[in-house]
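# A structural walkthrough
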Amino acid sequence: MKFMKSVNAAAAVGAIAAPKDLDIGSPDSIRRVSSTIAHGAMTYYNGNVSSDPVQVGDLQDPYYWWVAGSLWGTMLDYYHYTGDATYNDVVIQGLLAPSNTGPGFDYMPPEHASEEGNDDLFFWGSAVIAAAERNFPQPDESIPPWLEIGANVFNQLAGRWNTTHCGGGLLWQIFETNPNGLDYKNSVSNGGFFQIAARMARATGNATYVEWAERIWDWTTEIGLIDAEFFHVFDGAHASKGCRDTNPAAFTYTSGIYLHGAAVMANYTGDAKWADRASKLLDGAGWFFSPDENSTNILYEAACERVGRCSVDMSTHKGQFARFLWQASVVLPSLRERVEQYMRPSAEAAAKACSGGDGGVECGMKWWVGGFDGNVGLGQQMSALETIQGLLIHDAPAPLPAGEIRTVRDRSWAAAPPASRRRSQWQPRGISARK
């Protein structure tokens, strides 16, 4: 019933709401602001109106294919938290396009082989597992259900577990067209594999996934990609050097990926060690919330924001971190109070940063400066959206466990109030296609 109530509440979504006026104590305000920011994010996508089938579900330059997978995860969250079905059909189209799923329905499409790594695969797999965890409709009977596609992604990753060097782990890249990453075992690829194993364990009850989650965690900590004292998550190490040359760079999203996986393991197994690990990862991520002495509990990308050198990829990281932090607080409620201590001030700061552009609603990068910093992009929109819409997460259904996940064909939002679809014909930005 709670979910149906949130769908009905979507009738309040539609009017432009200035994010800077966000009231974090008002669910209606959060929905309206989230609607505005979601609309801004979706203007970066035009694959649904492209004549090139390879563009369906993908993004234009300068965004790589993996960012598209992350975008669909963000928009799945948007519907789940706000009940606004405006973009659902486009999300389904993007997730199920043949040029994305590949012939094996495992997100290994030949069309994107030149740019796909193991970390890219995680973001698409994470999205379809989220769809399964919420019984989000999959209307195409010729394509496997979401959970089966998630299993296919897991199998792809498990088949690449590499024991030739470092005793295990995934290499960053898959194909010889990306040779530099074929010697690098990075935390985002291995953390993504860990999280998928944990979520598949909870979603299926299959002990094999638990065994893999244990194996991946043990390997990650043994080679030092997760610091034993402070639980900082480092970027990676080179296989040819026995993974003894740990790169100390640290990014928000890798901490979030491991944190959510550990929280899911705690929820599913009931083992206190996983709750302890999740708690320590949250402690370890604390340094991402104080960019200067005047800004406490405001999320920032520590690797790049203060020096103004955030790449396009880095501009997305806070959004993925926010997603997994909020979701960890659901499956492991003992984290909720601490997560909210960080994320509520961050949401307010993000809203103030979404005050630029012609309409005064585009989002900037540096939330801690107290307003709009002039640095706009899809990553900035996604990061603000995940942070703000996550305020609604505890009023939405929790991810479903094994036995409650089913294949749903009916698009139940078809009868949603018209106001919830007032923006279904958004205008994409005039950005030329990459391919």
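Residues numbered from 1 in each chain as written. Predicted model: local features only at pLDDT ≥ 70, side-chain atom pairs only at ≥ 80, totals over all residues. Heavy atoms only, no water.

### Re the nonpolar core
Put simply, the rule reads: We define a nonpolar core as any set of buried Ala, Val, Leu, Ile, Met, Phe, Trp, Tyr and Cys residues linked to one another through side-chain atoms lying within 4.5 Å. Exposure classes here rest on a 1.4 Å probe applied to the protein chains alone. A residue is buried below 20% of its type maximum, exposed above 50%, and partly exposed in between. Numbering of helices and strands starts at the N terminus; helices are DSSP runs of H or I of at least 4 residues and strands are runs of E of at least 2. We call two residues contacting when some pair of their heavy atoms lies within 4.5 Å.
In this structure, Trp72, Met75 and Leu95 are the most contacted members of the largest nonpolar core, which totals 139 residues. Looking at which element gives the most residues to this core, the answer is helix α3 (residues 65–82), with eleven residues. If we skip the residues at most four places from it in the chain, Leu95 touches Trp72, Leu76, Thr101, Tyr107, Trp124, Ala127, Val128 and Trp146.

### Let's talk about the state of the cysteines
Cut-off, in case you're wondering: Throughout, a disulfide means two cysteine sulfur atoms within 2.5 Å of one another.
Following the criterion strictly, the structure yields three disulfides and no others. Here Cys354 pairs with Cys363 through a disulfide, and the sulfurs are 2.0 Å apart. Taking the torsion about the S-S bond as the criterion, the Cys354 to Cys363 disulfide, at about 100°, is right-handed. Across the pair, Cys363 and Cys354 agree in class, each one buried. What links to what in the protein: the bonded cysteines, counted in sequence order, pair as 1-2, 3-4, 5-6.

### Remarks on the packing of aromatic side chains
The geometry of an aromatic ring pair comes down to the distance between the two centres and the angle between the two planes. So the rule is basically this: Pairing of aromatic rings covers Phe, Tyr and the six-membered ring of Trp, with a centre-to-centre limit of 6.5 Å; geometry is then stacked below 30 degrees between planes, edge-to-face above 60, and tilted otherwise.
Per the stated rule, a full pass over the model turns up 28 aromatic pairs. Measuring from centroid to centroid gives 4.7 Å for Phe154 and Tyr209, while their planes differ by 80°, and the two rings are edge-to-face. Here Tyr209 lies in helix α9 (residues 207–222) and Phe154 lies in helix α7 (residues 146–158), a separation of 55 residues in the sequence. When its relative accessible area of 4% is taken as the criterion, Phe154 is described as buried. The exposure class assigned to Tyr209 is buried, which follows from its relative accessible area of 9%. Both rings, one in Phe193 and one in Trp212, keep their centres 5.2 Å apart while their planes meet at 45°; by these two values the pair is tilted.

### Concerning unusual backbone geometry
Cis rather than trans, the peptide bond between Asp61 and Pro62 has omega equal to 10°. Structurally, Pro62 is set in the loop between α2 (27–42) and α3. For Cys243, which is not glycine, the phi dihedral falls at a positive 55°. By the element assignment, Cys243 lies in the loop between β2 (236–238) and α10 (252–269). A relative accessible area of 4% means that Cys243 is categorised as buried. Of note, the phi angle at Asn297 is positive, near 60°, even though the residue is not glycine. Assignment of secondary structure puts Asn297 in the loop between α11 (272–284) and α12 (314–331).

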